[in-house]
Amino acid sequence: MSILVNADTRLVVQGITGREGDFHSRAMLEYGTPIVAGVTPGKGGQSALDGRVPVFDTMDEAVRQAGANASCVFVPAAGAPDAMLEAAEAGIRLIFCITEGIPALDMLRVYWVLRQQGVRLIGPNCPGATSVGQAKVGIIPGNIHRPGRVGLVSRSGTLTYEVVQAMTDAGVGQTTCVGIGGDPIVGTSFVDVLDMFNQDPETEAIVMIGEIGGDEEERAAAFCAREVRKPMAAFIAGRTAPAGRRMGHAGAIISGGAGTAESKRLALQAAGIAVADSPSQIPALLRAAGVR
Amino acid sequence: MKLQEFRSKEILARHGVPLILGEVARTPEEARAAAERIGGPVVVKAQVLVGGRGKAGGVKLAGNPAEAEARAREIIGLVIKGVTVRTLLVAPAAQIAREYYLGLILDRGGKTITIIASAEGGVEIEETAKTNPAAILRLPLHPLIGLQRHNVRRVSFFLGIPPELRSAFAETLTALYAAFIGSDADLAEINPLVVTDDGQLLALDAKMVLDDSALPGHADLEEMRDLDEEEPSEAAAREAGINFIKLDGTIGCMVNGAGLAMTTMDLIKLAGGEPANFLDIGGGAKADRVAAAFGIILDDPNVRSILVNIFGGITRGDEVAHGIVEARATLTRDVPMVVRIVGTNAEEAAEILRRANLITADSLDDAAAKAVAASRGEQP
């Protein structure tokens, strides 16, 4: 078991012929992810990834003709909201949006429309998800993982890789690693993913990587205190971030004194979750919590 | 992107919010001339992007043009929370009968746009939230259909808008909403919205914060950016497509990815040092971008050492290492550099770096400790 993606995933990549789409689709395919289609309007009938994947003009064709059941969006910010809506209309119920820089008001509309259609959206501005040894969707490097029993959820990209690498180096393997995205409006919250890990029998412990801005970590802490009995470890980035400045991620901003790293650390600790001072401490915290 | 009061007012006026724009002045003489054109008592207001300018003496009344010139002379050059006042807004002074707060925010938690209103205008809303939370109405709008007339009525009755001003208030709130949507704002607030002695509804002060991600679609709004108040190094970084924020420490950072960049800063602090900046170089870490990033970091005379932390992942570490060595050769000033590269061919990368006399590190903690030591002139 694992969450979100596995060997049954039949992925369509939206924007597969672009530079990013092509590069990361190759890595996904090499990892073993079943990519059944690509969509680039105007390039229908061609093929991508050296003839290995058919390209369609529309998502409707990708779903009806290639049987796609999940989508990964690499379309640039100006077109990404429309690409997500098209995927939902075509019947896709799991969308990963990697695209960075989508205006928040556009995302508000997409968020609620997709929610009404029962679509699970991960991102935008996220690295995707990898179920170790089964499938990876997005841009997380495949070579940093080791199969195991720990689920990881994060708002970040390279920081996620850093923590996964530290775990792998210490012999602590993973079930699924999910990046939920660094934007203020994302489709899936920490709580959503924690709930999935909590219910996944293969996942025995959970790592959560948060950062300044918003109150998702505080909400997650409350959820964990109530629902989660699996061992956990956490890290929060941005203890030295100045207030009122956007720290790269559109969502990483301390505003009106709210959203500080300290507030999130305290909330997590109050929920009984061990909080690391450095990503390198995560494996030891997991071991101390009983992870083999 | 934060907008100055006069810029925010321009946008709000364009959408129909009732206000008197006044005139922008950059010298005491211009302030006097503006006051002459306006006629009657004026208020001279510092245009800065930091809060608390009233308390700092940045807002003053003037009864006539000569006084306006004198007040302008006092305010120009004033330093408010580290920002030197260069620009003034000269606007007619209003006789105030009542003051309200009226704002719209992008509500992350509720994932919608929320109206915030209070009959206690003229003070910062965060202050009211602490002292008298019951005086604030937070009204989330339907995320798909937006502001409806019943929303407007609810706010109007909550604030106790006098009956004769209800239709003017409805127009004001509708215009504020249109301005928010039309300019992709994160925040649009009128504080205070006043009823004048002669019964007019008027926006006396305004503040807007725009969504940076939406600016590429609003060339006219991008032009409203205040370059005076931006660190020159931050402006240069924006030109180069680099996410950069200047801080006060001595250890420069160059990292790929925002979360990892924040973590790198945190670990420098944990190792006893102070980061000089936040810098996310983005994906790929191409040689020209690395060179630009080094230039921006070294522009800060406080920088005593640099920590480069690149998690390559799929990217080849040796290519990144070559890029760093090449970029370093072009620099006019040199400081000790600690470089940590993770990715394919990390061993080859470390060899390239060592040959170029750069300090390498096995882990991020190790890199932070070495960068701190190097910043103090110690051999790491």
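Turning our eyes to something else, we now look at the sheet that holds strand S3 (residues 42-46) of chain B. All names here are of chain B. Taken together, four strands build an open sheet; the order of strands is S2-S7-S3-S4 and the sheet is antiparallel. Two strands bound the open sheet, and with one partner strand each, they are strand S2 (23-25) and strand S4 (59-62). Here the average twist between neighbouring strands, direction ignored, is 25°. Pairing geometry for S3 and strand S7 (residues 88-92), over five bridges, is antiparallel. By the bridge assignment for S7, Ala 46 is matched with Leu 88. Packed onto the sheet, helix H1 (residues 5-14) meets S2, S3 and S7 and runs at close to 50° relative to S7. Against the sheet, helix H2 (residues 28-38) engages S2, S3 and S7, with an angle of about 20° to S7.

Residues and elements named next belong to chain A. What the domain assignment reports for chain A is domain 1 (11-122) and domain 2 (141-288). Each of domain 1 and domain 2 has a C-alpha centre, and these two points are 26 Å apart. Listed per partner, the contact involves nine residues of domain 1 and twelve residues of domain 2. Together domain 1 and domain 2 conceal approximately 880 Å² of surface at their shared face, both sides included; 61% is due to carbon and sulfur atoms. In terms of surface lost to domain 2, no three residues of domain 1 exceed Tyr 111, Arg 120 and Ile 122, which account for 46% of the buried area on that side. For the pair domain 1 and domain 2, the interface holds one salt bridge.

Moving on to the packing of helix H6 (residues 190-199) of chain A against helix H7 (residues 216-227) of chain A. Residues and elements named next belong to chain A. At a minimum axis distance of 9 Å, the contact between H6 and H7 shows a crossing angle of 30°. Considering their axes alone, H6 and H7 lie roughly parallel with respect to each other. With respect to the hand of their crossing, H6 and H7 are arranged in right-handed fashion. Counted together, Phe 190, Val 191, Leu 194, Asp 195 and Asn 198 of H6 and Glu 216, Glu 217, Arg 219, Ala 220, Phe 223, Cys 224 and Glu 227 of H7 form the full contact between these two elements. A class-by-class count of the residues in the contact of H6 with H7 yields six nonpolar, one polar and five charged.

Reading the values: rules and limits
- Residues numbered from 1 in each chain as written.
- Chains lettered and ligands numbered in written order.
- Predicted model: local features only at pLDDT ≥ 70, side-chain atom pairs only at ≥ 80, totals over all residues.
- Heavy atoms only, no water.
- Pairing = 2+ DSSP bridges.
- Helix = DSSP H or I, 4+ residues; strand = E, 2+ residues; numbered from the N terminus.
- Axes fitted to C-alpha atoms, helices over the stretch in contact; angles between N-to-C directions.
- Contact = heavy atoms within 4.5 Å.
- Domains from an automatic or database assignment.
- Buried area = accessible area lost by both parts, 1.4 Å probe.
- Salt bridge = Lys/Arg side-chain N within 4 Å of Asp/Glu carboxyl O.
- Parallel < 35°, antiparallel > 145°, perpendicular 65-115°, else oblique.
- Left-handed = near helix turned anticlockwise from the far one by under 90°.
- Nonpolar A, V, L, I, M, F, W, Y, C, P; charged D, E, K, R; others polar.

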